[in-house]
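A structural walkthrough
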Amino acid sequence: QVQLVESGGGLVQAGGSLRLSCAASGSIIFSINAMGWYRQAPGKQRELVASFTSGGSTDYADPVKGRFTISRDNAKNTVYLQMNSLKPEDTAVYYCNAITTMKRSYWGQGTQVTVSS
């Protein structure tokens, strides 16, 4: 199993920054081959924000390109999402996701990000 714990959300003014963290643990974390961040705003579907693909490259949603950066610390089994120049439309619950080599998908509990105008 894989457990994912997010942290770092909060309330910030437009133009501000936040850094989210996602710490992975569990008996099969060695089998994780892709991790990413998703978000879900009220009344909307969950959408991909940024991810590390199984090939090791990064992928970003168009609305966050140039503002958000995904990074990782393999020694700490942690993935980060640095969010700069935040906009009110970035307000959402942000979820960490991990996919294993057996195509199992795991989710964290989510962390709220609120950007005030």
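An account of the accompanying structure is given in this report. Note that the coordinates shown come from a computational prediction; the quantities given were computed from them, not determined experimentally. (Residues numbered from 1 in each chain as written. Predicted model: local features only at pLDDT ≥ 70, side-chain atom pairs only at ≥ 80, totals over all residues. Heavy atoms only, no water.)

Examining the packing of aromatic side chains
- Counting across every chain of the model gives two aromatic pairs.
- Residues Y38 and W107 carry aromatic rings whose centres are separated by 5.0 Å and whose planes lie at 70 degrees to one another, so their mutual orientation is edge-to-face. With Y38 in strand 4 (residues 32–40) and W107 in strand 10 (residues 105–107), this residue pair connects regions lying 69 residues apart in the sequence.
- Given a relative accessible area of 23%, Y38 falls into the partly exposed group.
- Under the relative-accessibility criterion, W107 is labelled partly exposed at 38%.
- An aromatic cluster is built from Y38, Y95 and W107, whose rings are joined through pairwise contacts.
- The ring of Y95 has R46 lying over it, and the distance from NZ or CZ to the ring centre is 3.7 Å.
- Directly above the aromatic system of W107 lies the positively charged group of R46, at a separation of 4.6 Å from the ring centroid. (Phe/Tyr/Trp six-rings, centres within 6.5 Å; stacked < 30°, edge-to-face > 60°. Helix = DSSP H or I, 4+ residues; strand = E, 2+ residues; numbered from the N terminus. Buried < 20%, exposed > 50% of the residue type's maximum accessible area, 1.4 Å probe, protein only. Lys NZ or Arg CZ within 6 Å of the ring centre and 35° of its normal.)

Thoughts on the pattern of salt bridges
- All chains considered together, the criterion is met by four salt bridges.
- Across the pair K65 and D62 runs a salt bridge whose closest N-O atoms are separated by 3.0 Å.
- When its relative accessible area of 60% is taken as the criterion, D62 is described as exposed.
- Linked through salt bridges whose partners overlap, the residues forming this network are R39, E47, R67 and D90. (Salt bridge = Lys/Arg side-chain N within 4 Å of Asp/Glu carboxyl O.)

Focus: the environment of G110
- Tracing the backbone through its elements, the reader meets G110 in the loop between strand 10 and strand 11 (111–116).
- Distance from G110 to A75, taken between C-alpha atoms, is 23 Å for residues 35 residues apart in sequence.
- With near-sequence residues (within four places) excluded, G110 lies in contact with E6, V93, Y94 and Y95. (Contact = heavy atoms within 4.5 Å.)

Observations concerning the layout of surface pockets
- Volume-wise, the largest pocket comes out at about 250 Å³.
- Forming the walls of the largest pocket are 15 residues, and the residues nearest its centre are I32, M35, R72, N74 and N77.
- Broken down by secondary-structure element, the contributors of at least two residues to the lining of the largest pocket are strand 4, strand 7 (68–73) and strand 8 (78–83).
- Of the residues assigned to the lining of the largest pocket, the class counts are eight nonpolar, five polar and two charged. (1 Å grid on protein atoms, 1.4 Å probe; cavity = no way out; pocket = protein on both sides within 12 Å on 5 of 7 lines; lining within 4 Å. Points joined across faces, edges and corners; volume = space filled by probe spheres on them. Nonpolar A, V, L, I, M, F, W, Y, C, P; charged D, E, K, R; others polar.)

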